[in-house]
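Okay, here's what each chain looks like letter by letter:
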Amino acid sequence: DSDIDEFTGKPKSYDSSPRSEHRHRSRPGTGFDRGEVEEICREVTNLLLRKETEILEYTIIDRLQGIDKRVDLFEHRIDQKLIDYEDDFEVLQKKVRELRMDNLTEQRDGAGSPFKTSPRDIGHLSPALASLTELVCCLVENSQIEFALDLQDEEDRKSIALM
């Protein structure tokens with residue numbers, strides 16, 4: 001048995017009460033040693049990091065819960081829209097069946113020439129004719145642009161060849 005305490009590094013003869021330790025440290029030149037300062041710094045750092053980690057964890061959890069709520073809301077909205085679209089699709093399918101039946105009935109009854117148009121038929125054809133007209137305009141514009149680009153390419157090739 002040596003006279004030095006292996007944990008504190010002080011002689012065992014010193015009184016180990018907190019009061020005597022305080023008196024001992026308060027003497028000039030006998031402050032905390034480097035190991036004690038490092039240990040105190042480690043403990044303070046760990047406490048601060050633990051608190052910051054908890055704050056970060058709660059912030060992340062809060063934001064994830066907010067995101068989950070928004071996702072649930074969007075899922076609900078999407079489901080509602082899907083139901084609405086399915087209902088609309090069913091209505092349109094019924095209308096198409098009715099129109100086919102009407103068309104078959106007219107053909108079977110010999111309601112006239114297939115080329116004869118009534119005002120009712122023209123009313124149904126107006127949107128289709130408008131769409132076709134717009135499509136033809138787009139095709140013409142596209143071909144004009146394509147032609148202009150071809151001319152520009154040809155001029156560019158000639159100017160490069162002259163260089």
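Calculation rules
- Residues numbered from 1 in each chain as written.
- Predicted model: local features only at pLDDT ≥ 70, side-chain atom pairs only at ≥ 80, totals over all residues.
- Heavy atoms only, no water.
- Helix = DSSP H or I, 4+ residues; strand = E, 2+ residues; numbered from the N terminus.
- Buried < 20%, exposed > 50% of the residue type's maximum accessible area, 1.4 Å probe, protein only.
- Areas by Shrake-Rupley, 256 points an atom, 1.4 Å probe, with all protein chains shown as cover.
- Patch = residues over 30% accessible without salt bridge, like charges linked within 9 Å, V, L, I, M, F, W, Y side chains within 5 Å.
- Salt bridge = Lys/Arg side-chain N within 4 Å of Asp/Glu carboxyl O.
- Disulfide = S-S within 2.5 Å.
- Lys, Arg positive; Asp, Glu negative; His and termini not counted.
- Charge placed at Lys NZ, Arg CZ, Asp CG, Glu CD.

Observations regarding the overall build of the protein
Right, on to step 1. Regarding its fold elements, the protein presents 3 helices and 0 strands.
Right, on to step 2. Secondary structure elements of the protein, listed N to C terminal, follow the sequence α-α-α.
Right, on to step 3. Expressed as a percentage of the 163 residues in the protein, the buried residues total 1%.
Right, on to step 4. Of the roughly 15,500 Å² that the protein leaves accessible, carbon and sulfur atoms contribute 59%.

Points about the environment of D33
Right, on to step 1. Checked against the element boundaries, D33 lands in the loop between α1 (18–26) and α2 (34–109).
Right, on to step 2. Taking relative accessible area as the criterion, D33 reaches 44% and is therefore assigned partly exposed.

Side note on a nonpolar patch on the surface
Right, on to step 1. A grouping of F32, V37, I40, V44 and L48 is seen on the molecular surface, where their side chains present a nonpolar patch of about 450 Å² in accessible area.
Right, on to step 2. Locating F32 in the fold gives a position in the loop between α1 and α2.

A look at the pattern of salt bridges
Right, on to step 1. Using the criterion set out here, one finds 3 salt bridges in the structure.
Right, on to step 2. The closest approach of N and O atoms between R42 and E39, which form a salt bridge, is 3.0 Å. Placement of both R42 and E39 in helix α2 is noted, with a separation of 3 residues, approximately one turn of the helix.
Right, on to step 3. The closest approach of N and O atoms between E154 and K158, which form a salt bridge, is 3.8 Å. Within this pair, E154 and its partner K158 are both found in helix α3 (residues 119–162), separated by 4 residues, close to a single helical turn.

A look at the state of the cysteines
Right, on to step 1. On inspection of all chains with the given rule, the structure shows 0 disulfides.
Right, on to step 2. As a non-bridged cysteine, C137 has C138 as the owner of its nearest cysteine sulfur, 7.0 Å distant.

With respect to a negative patch on the surface
Right, on to step 1. A contiguous patch of negative charge on the surface is contributed by D84, E86, D87, D88 and E90.
Right, on to step 2. Along the polypeptide, D88 turns up in helix α2.

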